[in-house]
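Observations on the model geometry
Spelled out, the chains give:
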Amino acid sequence: MPVSDYEMINAWTQVLKLSKLEAGQTVTVLTGAATHPQTLSSALVAAQSLGAVVNRLDLLPVNADKALSRDSLAYLGTTPLTGNNAAIAALKESDLVLDLMTLLFSAEQHDILKTGTKILLAVEPPEVLVRLVPTAADRERVIKANARLSRARTMTVTSPAGTELTCPMGQFPVISEYGFVDEPGRWDHWPSGFVLTFPDDGKTSGRIVIDKGDILLPQKCYVTEPITLTVENGYATRIEGGVDAALLRDYMSSFNDPEAYAISHIGWGLQPRARWSTLGLYDREATIGMDARAYEGNFLFSLGPNNEAGGSRATACHIDIPLRDCTVSLDGEPVVRNGKVLDQPQDN
Ligand SMILES: [Fe+2]
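Counting restarts for each chain, with residues numbered from 1 along the sequence as it is written. Owing to the predicted nature of the model, reporting of local features is limited to residues with pLDDT of at least 70; listing and counting of side-chain atom pairs is limited to 80 or more, with chain, interface and lining totals taken over all residues. As a rule here, side-chain values come from all non-hydrogen atoms in the structure, and water together with hydrogens is ignored.

To continue, consider the sheet that holds strand S10 (residues 205-210). Taken in spatial order, the eight strands make up an open sheet running S14-S13-S10-S6-S5-S18-S19-S20, and their pairing is antiparallel. At either end of the open sheet lies a strand with only one pairing partner, and these are strand S14 (235-241) and strand S20 (340-341). Examined bridge by bridge, strand S19 (residues 333-337) and S20 share two bridges and lie antiparallel to one another. Residue pairing across strands places Val336 opposite Val341, the latter belonging to S20. Contact between two residues is taken to exist if any of their heavy atoms lie within 4.5 Å; hydrogens are not considered. Axes here refer to lines fitted to C-alpha atoms; in helices the fit is confined to the stretch in contact. Angles between the N-to-C directions go from 0 to 180 degrees. Put simply, DSSP marks the helices as runs of H or I at least four residues long and the strands as runs of E at least two long, and each gets a number from the N terminus on. Where helix H7 (residues 243-253) meets the sheet, its contacts fall on strand S13 (227-232) and S14, and the angle it forms with S14 comes to roughly 140°. Two strands make a pair as long as DSSP finds a minimum of two bridges between them.

Shown next, in the form of structure tokens:
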């Protein structure tokens, strides 16, 4: 559905104010071949109207010859910053980078963040950005969940479909995604609204049942029959089921990388304005599926790398899988019960 320029400029203004953009700071808008023109033009107007010095940096695409999917989050290989010292220098000199291209995690991005530059990714279509424009209340809720998750040493997940997973934790930090960047060196993604961490390396065990109706990303489809993952020593060692399991096995095997099967981030969705049902209303290539990653009460887990949190596992394959109806417990105490978040009084 079309969005007016006025509405998009207002949304950007809210995000930039929440990100504490000050007059005289330098904003670099990173663009690529798939950048939405209205998201770009409204970002430029909003940043300039708040008194920022505004640049635009357009980078060339990479990885098309290797990726099976057109989804920008599907293939985590090299990025347009790899070996691109001029671009890296420009981003390091910026106070805020608005990534309308999908930079993806990389060592170069990590170095840029270390200089204090903030990076905000925003690539969903304008109507999704406007519906899920972040608020201070979103941040508060995610920060509260972060504090709870940071204290825990074991996450367990169960579901009526048969999931029974145990994830020892504490080796890696907890990461909050609430949609804006209010601290130096912070990376975030508009839209989002979830909390995540990574289990201790090689320690997760149990069974995950991806049930009928659960979502696979970047496949961007609802599973039509259950997929059962057997998890041993931190890796999915068997992927069983019907045709959906066979499709997942085939896709993952194309990377030819055993590290693709590692349990990556684990956490839960906290964004009430994001919906499980949205994906069914969109063409697959019109969205990257942030509603699915953020909808309130999901258990979001992934397969693939953990270098984003300081681990040593880098793999180009990354699958995000939000599950419905799970009970997520921290050291035995539920924080999500049957797909409902328990930490808010109105939900009890
Ligand atoms: Fe992920």
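Metal coordination here is assigned from N, O and S atoms located within 2.8 Å of the ion, or within 3.2 Å for Na, K and Ca; omission of water means that sites may look incomplete. Protein-derived ligands of the iron ion are His265 (NE2), His318 (NE2), Asp320 (OD) and Asp320 (OD), with the metal-ligand distances lying across 2.1 to 2.7 Å. Here the metal geometry follows the donor angles, with tetrahedral for four donors whose angles all fall between 85 and 135 degrees, square planar for four and octahedral for six when opposite donors are more than 155 degrees apart and every other angle is between 65 and 115, and irregular for all the rest. Each of the four donor atoms bound to the iron ion contributes to angles spanning 53 to 130°, and the resulting shape is irregular. Within one chain, the residues donating to the iron ion are spaced in sequence as H-x52-H-x1-D. Of the two residues, His265 is situated in strand S15 (residues 263-269) and Asp320 in strand S17 (residues 319-323); the sequence distance between them amounts to 55 residues. The pair His265 / Asp320 is uniform in exposure class, with both members buried. Accessibility here uses a 1.4 Å probe with only protein chains present; expressed as a share of the type maximum, an area under 20% marks a residue as buried, one over 50% as exposed, and anything in between as partly exposed.

Let's shift gears to the packing of helix H3 (residues 85-92) against helix H4 (residues 107-114). Look at H3 against H4: their axes get within 9 Å of each other, and the N-to-C directions meet at 30°. Our classification of the angle between H3 and H4 gives roughly parallel. Considering only the axes of H3 and H4, their crossing is right-handed. Taken together, the residues of H4 that come into contact with H3 (itself represented by Ile88, Leu91 and Lys92) are Glu108, Asp111 and Ile112. All amino acids are sorted into three groups, where Ala, Val, Leu, Ile, Met, Phe, Trp, Tyr, Cys and Pro are nonpolar, Asp, Glu, Lys and Arg are charged, and the leftover types, Gly among them, are polar. For the contact of H3 with H4, a count of residues per class yields three nonpolar, no polar and three charged. Roughly parallel here means an angle under 35 degrees, roughly antiparallel means over 145, roughly perpendicular means 65 to 115, and every remaining angle is called oblique. Definitions for this section: a left-handed crossing has its near helix turned counterclockwise from the far helix by less than a right angle. A right-handed crossing has that turn clockwise.

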